[in-house]
Amino acid sequence: MARTRPPAVAGMFYPASGAALKATVQRYLEPPPTAPVPKAIIVPHAGYVYSGPVAGKAYSRISSGALSIRRVTVVGPSHRVPFRGLGVTRASAFATPLGEIPVDQTTVDTLLSIPPVSVMEAAHADEHSIEVQLPFLQVILSSFSLVPIVTGAATPEETARVLDAVWNGADTLLVISTDLSHYLPYEQARATDEATAAAIERLEYGDVEDYDACGAVGLRGLLLCAKRRGLRVERIDLRNSGDTAGPRDRVVGYGAFAVVE
């Protein structure tokens, strides 16, 4: 039976009203740049008041691909359910206040043949790391299907194998959902996140530790893929919650990056 995964954090991480949500996303977006559409973007996943301005800069980079991008794979960490491997879902669609997005079940079937991918409905049920990316995609893209993947414990090689399977052509975008450092004092967080951003730009996936980025599993896999394919990473923005809407005694870091040829 077809099943839609309902929004879990509407009204908490972002507005529950469709009109207010669309207006909020549009406020964070910038005019389409002249730069090429990236193959992948790395974006934060906190509440929009905190990370929305940073995420919006990354999503602005895909605006010129609105008519060509037809499939989006979003990879985010499982914050609540620990498990080994990477998890997909049998949901037929994901819903937000802006409507439903169909899940590409053909691709999901392909991924289930790749160890260590398995169906992890519990990990998807209340997870925000994928959900908060969807309204940005819905506002920018005309129509697309979704491949949602949550990560547990996995090696860079395992994750890269999965990303290779969904890489495809220019019609496919990869989104890696991750925040950076967590709950450090402002200046310490800036230094830590600067080191992490430099490692990302160098494609040095081995220099990104779990405590550097909550989505490190997906991030390391993407950097390994990019390195093997001769791609490069462009830094778009690097800030933290102390720069956007929070106090500076304990902050969370946010980075926006584009992976381009």
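Let me sum up the structure you'll find in this document. (Residues numbered from 1 in each chain as written. Predicted model: local features only at pLDDT ≥ 70, side-chain atom pairs only at ≥ 80, totals over all residues. Heavy atoms only, no water.)

1. Looking at the overall build of the chain
If you tally the helices and strands in the chain, you get 10 helices and 12 strands. Relative to the 2.2 N^0.38 estimate, which gives 18 Å for 261 residues, the radius of gyration of the chain is 17 Å and therefore close to what a compact globule would have. Judged by the C-alpha coordinates and their principal axes, the chain covers about 50 × 40 × 40 Å. For the chain, buried positions account for 56% of its 261 residues. Long-range pairs, those at least 24 residues apart, make up 81% of the contacts in the chain between residues at least 6 apart in sequence. With an accessible surface of roughly 10,200 Å², the chain has 53% of that area assigned to carbon and sulfur atoms. The average position of the 24 basic charges and that of the 27 acidic charges among the side chains of the chain differ by 3 Å. (Helix = DSSP H or I, 4+ residues; strand = E, 2+ residues; numbered from the N terminus. Rg over C-alpha atoms; globule rule 2.2 N^0.38 Å. Buried < 20%, exposed > 50% of the residue type's maximum accessible area, 1.4 Å probe, protein only. Contact = heavy atoms within 4.5 Å. Areas by Shrake-Rupley, 256 points an atom, 1.4 Å probe, with all protein chains shown as cover. Lys, Arg positive; Asp, Glu negative; His and termini not counted. Charge placed at Lys NZ, Arg CZ, Asp CG, Glu CD.)

2. A word on the pairing of strand β6 (residues 99-102)
Of the pairings in the sheet, the one linking strand β5 (residues 93-96) to β6 comprises four bridges and is antiparallel in character. The partner of A95 across the bridge, within β6, is E100. Counted between consecutive antiparallel strands, the loop separating β5 from β6 contains two residues. (Pairing = 2+ DSSP bridges.)

3. Quick notes on the packing of aromatic side chains
Under the criterion given, the structure shown has four aromatic pairs. Measuring from ring centre to ring centre gives 6.4 Å for Y28 and Y48, while their planes differ by 80°; the resulting arrangement is edge-to-face. Of this pair, Y28 sits in helix α1 (residues 18-28) while Y48 sits in helix α2 (residues 48-60), and the two are 20 residues apart along the sequence. Here the two residues Y28 and Y48 agree in accessibility, since each one is buried. Geometrically, the ring pair formed by Y59 and F136 is stacked, given 4.8 Å between the ring centres and 10° between the ring planes. Remark: F136 occurs in helix α6 (residues 134-140) and Y59 occurs in helix α2; sequence separation between them is 77 residues. (Phe/Tyr/Trp six-rings, centres within 6.5 Å; stacked < 30°, edge-to-face > 60°.)

4. Here we look at the nonpolar core
Formed by 77 residues in total, the largest nonpolar core has its most connected members in Y59, I62, V72, L111, L137 and L222. Tallying contributions element by element places helix α9 (residues 216-228) first for this core, with eight residues. The residues touching L222, leaving out its near neighbours within four places in the chain, are A40, I42, L163, W167, L174, I176 and V259. (Core = buried A, V, L, I, M, F, W, Y, C linked by side-chain atoms within 4.5 Å.)

5. Observations regarding α1
Listed as buried for α1 are L21, T24, V25 and Y28. Seen along its axis, α1 keeps its buried residues to an arc of 95°; they face one direction. Among the exposed residues of α1, those oriented more than 90 degrees off its buried face are A19 and R27. On its buried face, α1 is in contact with α2 and α6. The N-capping residue of α1, defined by a side-chain oxygen 3.4 Å from the backbone nitrogen of A19, is S17. (Arc of directions from axis to C-beta. Polar contact = N/O pair within 3.5 Å; in protein donor to acceptor, adjacent residues only side chain to side chain.)

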